[in-house]
Amino acid sequence: MLPLPGDDEVLHALARRRDGGGRADGHRIALVVSGGGMRGVYAGGMAHALDDAGLGDCFDVVYGSSAGAYIGGALLLGDGRGAAHIFFEDMACRAFIDPRRLGTRRPMVSLDHLLGHILTVAKPLVWERLVGSPLRVVATAADDLTGHVLEPRSAPEWRLALRATAAIPVLAGPAVRLHGRRWIDGSVAEPLPVQRALRDGATHVLALLNRTLPELRAADPGAGPARWARALDRLAPGLGAMAQESARHGPSLAVLDDAGHPSRDGAHLLAVLPTDDVGVRGLTVDAARVERAARVGYASMQAALSRADGTAPGRPDRGRTGSVGSGP
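None of the values given here were measured: they were computed from a predicted structure.

K.L.:
Looking at this model, I keep getting lost on the side chain of Ser66. Mind explaining?
P.N.:
Here Ser66 lies in the loop between β2 (61-65) and α3 (67-76). Here Asp185 takes part through its side chain, which lies 3.3 Å from a polar atom of the side chain of Ser66. If sequence neighbours within four positions are ignored, Ser66 has contacts with Gly35, Gly36, Gly37, Thr165, Ala166, Asp185 and Ser187.

K.L.:
How should the pairing of β2 be read in this particular structure?
P.N.:
The two faces of the sheet receive side chains in turn, since in a regular strand these alternate between them. A large share of β2 lies buried, amounting to five of its five residues. Of the two faces of β2, both are covered, the one formed by Val61, Tyr63 and Ser65 as well as the one formed by Val62 and Gly64. Pairing between strand β1 (residues 29-33) and β2: four bridges, direction parallel. Across the sheet, residue Ala30 finds its bridge partner in β2, namely Val61. Two elements, β2 and strand β3 (residues 135-141), share four bridges in a ladder whose sense is parallel. Residue pairing in the sheet places Tyr63 in a bridge with Arg136 of β3.

K.L.:
Help me out: how do you make sense of the pattern of salt bridges in this one?
P.N.:
As a working rule, side chains carrying opposite charge can pair if their charged atoms are close by. All told, the structure shown has 17 salt bridges when counted by the stated rule. Asp25 serves as the salt-bridge partner of Arg17, at 2.8 Å between the closest nitrogen and oxygen. Arg17 gets classed as buried once you look at its relative accessible area, which sits at 8%. Across the pair Asp286 and Arg289 runs a salt bridge, and its minimum N-O distance is 3.9 Å. Exposure remark for Asp286: the relative accessible area of 36% places this residue in the partly exposed category. Residue Arg289 is classed as partly exposed on the basis of its relative accessible area of 28%.

K.L.:
I would appreciate a short explanation of the layout of surface pockets in the present structure.
P.N.:
One way to see where empty space is left: roll a probe the size of a water molecule over the atoms. One number sums up the size of the second largest pocket: a volume of about 300 Å³. What lines the second largest pocket is a set of 20 residues, among which Leu270, Ala271, Val272, Leu273 and Arg307 lie closest to the centre. If you list the elements that add at least two residues to the lining of the second largest pocket, you get β8 (268-272) and α14 (287-307). For the lining of the second largest pocket, a count of residues per class yields 13 nonpolar, three polar and four charged.

K.L.:
Looking at this model, I keep getting lost on the UniProt feature "short sequence motif: GXGXXG" (unreviewed entry) in the chain. Mind explaining?
P.N.:
With numbering aligned to this structure, UniProt lists the feature "short sequence motif: GXGXXG" (unreviewed entry) at residues 35-40. Helix makes up 17% of residues 35-40 and strand 0%, whereas the separation of the span's terminal C-alpha atoms amounts to 6 Å.

K.L.:
What exactly am I supposed to notice about the packing of helix α2 (residues 40-52) against α14 here?
P.N.:
When two helices pack together, you describe them by how their axes are tilted relative to each other and by the distance separating the axes. Where α2 contacts α14, the axes come no closer than 7 Å and their chain directions differ by 45°. In this view, α2 runs oblique relative to α14, as classed from their interaxial angle. The two elements α2 and α14 cross, and the hand of that crossing is right-handed. On α14, the residues touching Val41, Tyr42, Gly45, Met46, His48, Ala49, Leu50 and Asp52 of α2 are Val290, Ala293, Ala294, Val296, Gly297, Tyr298, Ser300, Met301, Gln302 and Leu305. Looking at side-chain class alone, the contact of α2 with α14 contains twelve nonpolar, five polar and one charged residues.

K.L.:
Looking at this structure, how should I read helix α1 (residues 9-21)?
P.N.:
Since the α-helix turns once every 3.6 residues, residues separated by three or four places project in the same direction. A rise of 1.5 Å per residue sets the reference length of α1, with its 13 residues, at 18 Å; its end C-alpha atoms lie only 15 Å apart and thus fall more than 12% short of the reference. Every buried residue of α1 is accounted for by Glu9, Val10, Leu11, Ala13, Leu14, Ala15 and Arg17. Its buried side turned inward, α1 meets β1, β7 (204-208), β8 and α14. Downstream of α1 by a residue or two, Gly22 has a phi angle that is positive, lying close to 70°.

So, how was this worked out
Residues numbered from 1 in each chain as written. Predicted model: local features only at pLDDT ≥ 70, side-chain atom pairs only at ≥ 80, totals over all residues. Heavy atoms only, no water. Helix = DSSP H or I, 4+ residues; strand = E, 2+ residues; numbered from the N terminus. Polar contact = N/O pair within 3.5 Å; in protein donor to acceptor, adjacent residues only side chain to side chain. Contact = heavy atoms within 4.5 Å. Buried < 20%, exposed > 50% of the residue type's maximum accessible area, 1.4 Å probe, protein only. Pairing = 2+ DSSP bridges. Salt bridge = Lys/Arg side-chain N within 4 Å of Asp/Glu carboxyl O. 1 Å grid on protein atoms, 1.4 Å probe; cavity = no way out; pocket = protein on both sides within 12 Å on 5 of 7 lines; lining within 4 Å. Points joined across faces, edges and corners; volume = space filled by probe spheres on them. Nonpolar A, V, L, I, M, F, W, Y, C, P; charged D, E, K, R; others polar. UniProt positions renumbered as here; feature names shortened; annotations may be inferred. Axes fitted to C-alpha atoms, helices over the stretch in contact; angles between N-to-C directions. Parallel < 35°, antiparallel > 145°, perpendicular 65-115°, else oblique. Left-handed = near helix turned anticlockwise from the far one by under 90°. Expected span 1.5 Å × (residues − 1).

Now the structure itself:
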C-alpha cells in the first residue's frame, strides 16, 4: 500500500525555528490534531514526542476537534507528556466511560468527570493561559451540523468550548450553548481540520492522525450514511455521523492522499499516522491497551522526526519517570 504523499519540509521548518531561526521566516505553520475519543491517545503520544523534540512551541496555530482540542492545548501549554498520559492514567476508567449509565438516562461519557476532576485535579489545565492562545477549537453547530472555530474570550468560556467540542447527545451529554448557538462534538463536522488550516493560509501543515493507513483507505468517501447511522441521527442529530466516523475522514483523506490536490496550492503538508493498530477505539477503557497506543503514537512521531534528518535531537525525556517516551 502506497504511503500518503507527505513533505518533510514541514519538520525541517519546525526544526529551523527550534534551533534559533525564530518566526521571521514568512511561514504560517499549523498543527492539526485528530479527534475520536480514546483514539486520541495515538495523537497524544505524537504530541509527547513533539514536545520532547523541542518543537511544541514552534507552531503558529493549532486546530483540534474533540480530544484533539485538549491535546493541542496541552502541547501549547508545555505538557506534551500529559497529552499522552491523560488517556491511560485518567480517562481509561469507568468514572469517565461507562455504558451502564445509558440505562439510567445518563451520558455514557462523563464530561463532568473530565472537566470537574481530570482537567481540574488530576491533570489541571491552566485555563487562563489559553485565553489569546493560538489554539483553535472546532465544534459543530447543532442546528445545521456545520463546523466552526469557537472564540472563547475568558477562562470560563474556554471550559465551555472544551465541553462543546466533545458533547454528543445521549453519548456524552447535551449540546453546549456558547455565544448564542448550541454546539456538539467538532468531530461530527471536521474530525481532521486540514482543509480549514489550508483555507486559513497555512503554508506548512502537520497533521496528527489516529488511524492507520489501511483504516483510512478502507472508508468510502462517496458512501452515504448507513441505515443504522440514519436511525441514530433521528434519535439525536449528529449522533449517526459521529458513530460512522470512518466515512467522515473522506474529504480530508482526499487532500492528504493527493500531492496535486487543489486545496494544497503549494502548501507543505505532512500527516503522521500510527504505525500499528493496537485495538483502541473511541470508548476503549483497557488502560494497558491505551498505554500501548500512546507508545505507538510516540514511536510513530519519532520515526518521522528521524527520517527528516536533523529534526530529532535525541534529547532525554527531561528526567521524567514512567514516560511514554522512555521505553517499555
